[in-house]
Amino acid sequence: MSATPLISLIIPAYNVADYLPQCLDSAVGQTYPHLEIIVIDDGSTDGTAEIIDRYAAQDRRIAAIHQPNAGIMAVRKRAIEAAAGEYLCFLDGDDYLPSEAVETLYRGIRELRTDIVCADEIRISPNYRVERPERWTGTIDGDTFMRYQLTNRMEGYLHAKLYRRSLFDGLRYPADISLAEDKLMNIQIAAKGPAVGHIRYTAYYYVKRQSSISHRTTPIEYNIRLADYAETYLREAGCADRFHPELTLMRLKFYWLYICHSSSPSIAGHPFVADLYEKLKEPAVRELARANFTAGERAVIRLHKRPATTGLGKLLTTVLRIRTSIAKRTGGKKKE
């Protein structure tokens, strides 16, 4: 390992003209000395492209790439292929970094002797600003990383992390995945068995905006497709059976997100849902569900099992969402 290996900072940008200057200022202001900055404009129509070109003309470390709109997975793939760094760091075009983020992440990966290092983030919205520390510390092996990803014990985002570049070799980038694509990539990476470490440091400022794709309500078919991609990849990697309870919990989490954000009628009779309730009878799955959902959340899931009780489930979901919203704004935590 060289004293100052090249690190590639990857920034996808799509119609983020109002946020991009702050993002790029934080990128070019990094204290790490050996940095390349790859910015990909995914067919923006709001001036994003012009901002990228202006910054690229002022800083030779910036590689500006423009392409017709192709979606986030295509952007990730092209940027990673273009990256020359030994390590990769990710920054979304509407977010920003503290000036020492890359340097601190690299110091962490070197001191912990891992393939990935994770840090913490602060989430910012018009209504609140709250720290989001990871819920674990120290170093973990690849199997634990996989379990943390599948159960959401670890943030599934690519950001606030530094990765060894070789971990992205051979990954798949399905074009029909546009939400939770970071989670799918991390699951694929986890199958490679990397060593992962965590440092207590706020490395990322995540800006929550209502127009963001993360606020989109997705149909259950999308969640099923996402879970199927993850399980198919792990099956082909020969480790799906080893993580069967965690894969089921991941599907249950996707179902939970659906019933929390959808006003659609009950889908209790859907084969995906019926299979989930059947798997919840398995002791290992039931134990994971108890550990990863509050009593109130488990009650909501039970109420959605039958169309006749779905109305009560939706009412309880509303109560839980209000409590979560209050907790975010006060920096507090949900209680049972």
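Residues numbered from 1 in each chain as written. Predicted model: local features only at pLDDT ≥ 70, side-chain atom pairs only at ≥ 80, totals over all residues. Heavy atoms only, no water.

J.: A description of the overall build of the protein chain should follow, citing residues and the corresponding values.
T.: Along the backbone of the protein chain there are 12 helices and 9 strands. Here the C-alpha atoms of the protein chain give a radius of gyration of 20 Å, agreeing with the 20 Å that 2.2 N^0.38 yields for 336 residues. Projected onto the principal axes, the alpha-carbon positions of the protein chain cover approximately 65 × 40 × 35 Å. By residue count, 53% of the 336 residues in the protein chain fall in the buried class. Considering only residue pairs separated by 6 or more positions, the protein chain has 78% of its internal contacts joining residues 24 or more positions apart. (Helix = DSSP H or I, 4+ residues; strand = E, 2+ residues; numbered from the N terminus. Rg over C-alpha atoms; globule rule 2.2 N^0.38 Å. Buried < 20%, exposed > 50% of the residue type's maximum accessible area, 1.4 Å probe, protein only. Contact = heavy atoms within 4.5 Å.)

J.: Break down the pattern of salt bridges for me, citing the residues and quoting the values.
T.: Applying the stated rule across the entire model yields 21 salt bridges. For Arg 251, the salt bridge goes to Asp 228, with nearest N and O atoms at 2.7 Å. Here the residue Arg 251 occupies a position in helix α8 (residues 244-261), and Asp 228 occupies one in helix α7 (residues 220-236), the gap between them amounting to 23 residues. Residue classification places Asp 228 among the partly exposed residues on the basis of a relative accessible area of 34%. Glu 278 serves as the salt-bridge partner of Lys 281, at 3.3 Å between the closest nitrogen and oxygen. (Salt bridge = Lys/Arg side-chain N within 4 Å of Asp/Glu carboxyl O.)

J.: Pulling in residues and values, what's your account of a negative patch on the surface?
T.: There is a patch of like negative charges on the surface, built from Asp 18, Asp 46, Glu 50 and Asp 53. Tracing the sequence through the fold places Asp 53 in helix α2 (residues 48-58). (Patch = residues over 30% accessible without salt bridge, like charges linked within 9 Å, V, L, I, M, F, W, Y side chains within 5 Å. Areas by Shrake-Rupley, 256 points an atom, 1.4 Å probe, with all protein chains shown as cover. Lys, Arg positive; Asp, Glu negative; His and termini not counted. Charge placed at Lys NZ, Arg CZ, Asp CG, Glu CD.)

Keep in mind these values describe shape, not function.
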